[in-house]
Amino acid sequence: MDMERAARTAKVERKTKETSIAAEVNLDGTGQYDVSTGIGFLDHMLEQLSRHSLMDLKLRAEGDLHIDFHHTTEDTGIVIGEAVKKALGDFKGIRRYATAIIPMDETCTRVSIDVSQRPYLIWKVDFTKPKLGDMDTELFKEWFQAFAQNAGITLHVENMYGENNHHIVESCFKGLARALRDAMEIDPRTADVIPSTKGVLGS
């Protein structure tokens, strides 16, 4: 990597009547995390995201959990997405595309991304239970949608097969992590080039 390249780090804070969230990311980290959302299972998934992407992540979230987990889950996706996009800066030198296939016992999930400033989510994931612990399984799509929209990435998540709902969702987060790690990595052959024939990324 070019030693003169600016650090790919960012801080984002977001406060609404429903949540108060602060996030810090370092895209060129070692997968260190310090996460607290008040939702144990979400914490576990975000720790997986950090560890397997090698993106350092610090996150503090306070939300209206006395109502439900929806706002806190969605808003953490928004804030982490915004932080990733901010840390990417001008997008020069990134590999841009990546696919990860993650096996987890009986489960296998494929995640493909295009870090392009063209947000889109394809979500082909089904659950057989309405909850994992205290968390509604329908909220995982909301998190991925919020992340993709605010990070500005095209994100395709497909659980090809699986039975255990915990394995299914964890393989989705790990797949996103590994795909992000590869797509956000600087390609030394094109370190100062935006990876597009247009010369810009986005619509």
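All figures in this text were calculated on a predicted structure; none of them were measured in a lab.

**Student:** Before we go on, may I ask you to explain unusual backbone geometry in this structure?
**Tutor:** Only a minority of non-glycine residues have a phi that is not negative, and only a minority of peptide bonds are not trans. Phi at Phe-91 is positive, roughly 70 degrees, even though this residue is not glycine. Residue placement: Phe-91 occurs in the loop between helix 2 (70-88) and strand 5 (97-104).

**Student:** How do you make sense of the packing of aromatic side chains when you look at a structure like this?
**Tutor:** Under the criterion given, the structure shown has 8 aromatic pairs. Among the aromatic residues, ring-to-ring pairing joins Phe-41, Trp-123, Phe-127, Phe-140, Trp-143, Phe-144, Phe-147 and Phe-173 into one connected group.

**Student:** Please explain the sheet that holds strand 5 as it appears in this structure.
**Tutor:** Remark on secondary structure: sheet strands pair via backbone hydrogen bonds, oriented parallel or antiparallel. One open sheet holds the 4 strands; their spatial order is 5-6-10-7, and the pairing between them is mixed. Strand pairing shows two members of the sheet lacking a second neighbour, strand 5 and strand 7 (120-124), which therefore form its edges. For this sheet the average axis-to-axis angle between neighbouring strands, irrespective of direction, equals 10 degrees. Of the pairings in the sheet, the one linking strand 6 (residues 107-115) to strand 10 (residues 153-161) comprises 8 bridges and is antiparallel in character. Following the sheet pairing, Ser-112 is matched in strand 10 by His-156. Across the sheet, helix 3 (residues 139-151) lies against strand 7 and strand 10, angled at about 155 degrees from strand 7, the strand it touches most.

Reading the values: the criteria
Here the residue index of a chain counts from 1 through its sequence in written order. Thresholds applied to this predicted model are a pLDDT of at least 70 for local features of residues and 80 or more for the giving and counting of side-chain atom pairs; totals over whole chains, interfaces and linings are not thresholded and use all residues. In computing side-chain properties, one takes all heavy atoms of the structure into account and sets aside hydrogens as well as water. Going along the chain from the N terminus, every DSSP run of H or I of four or more residues is numbered as a helix, and every run of E of two or more is numbered as a strand. Stacked, edge-to-face and tilted are the three classes for Phe, Tyr and Trp ring pairs, Trp counted by its six-membered ring, which pair at centre distances within 6.5 Å; planes under 30 degrees apart are stacked, over 60 edge-to-face, the rest tilted. Note on pairing: two strands pair once DSSP finds at least 2 bridges between them. With axes taken as lines fitted to C-alpha atoms, and helix axes fitted only over the stretch in contact, angles between N-to-C directions fall between 0 and 180 degrees. In what follows, a contact means two residues having at least one pair of non-hydrogen atoms within 4.5 Å.

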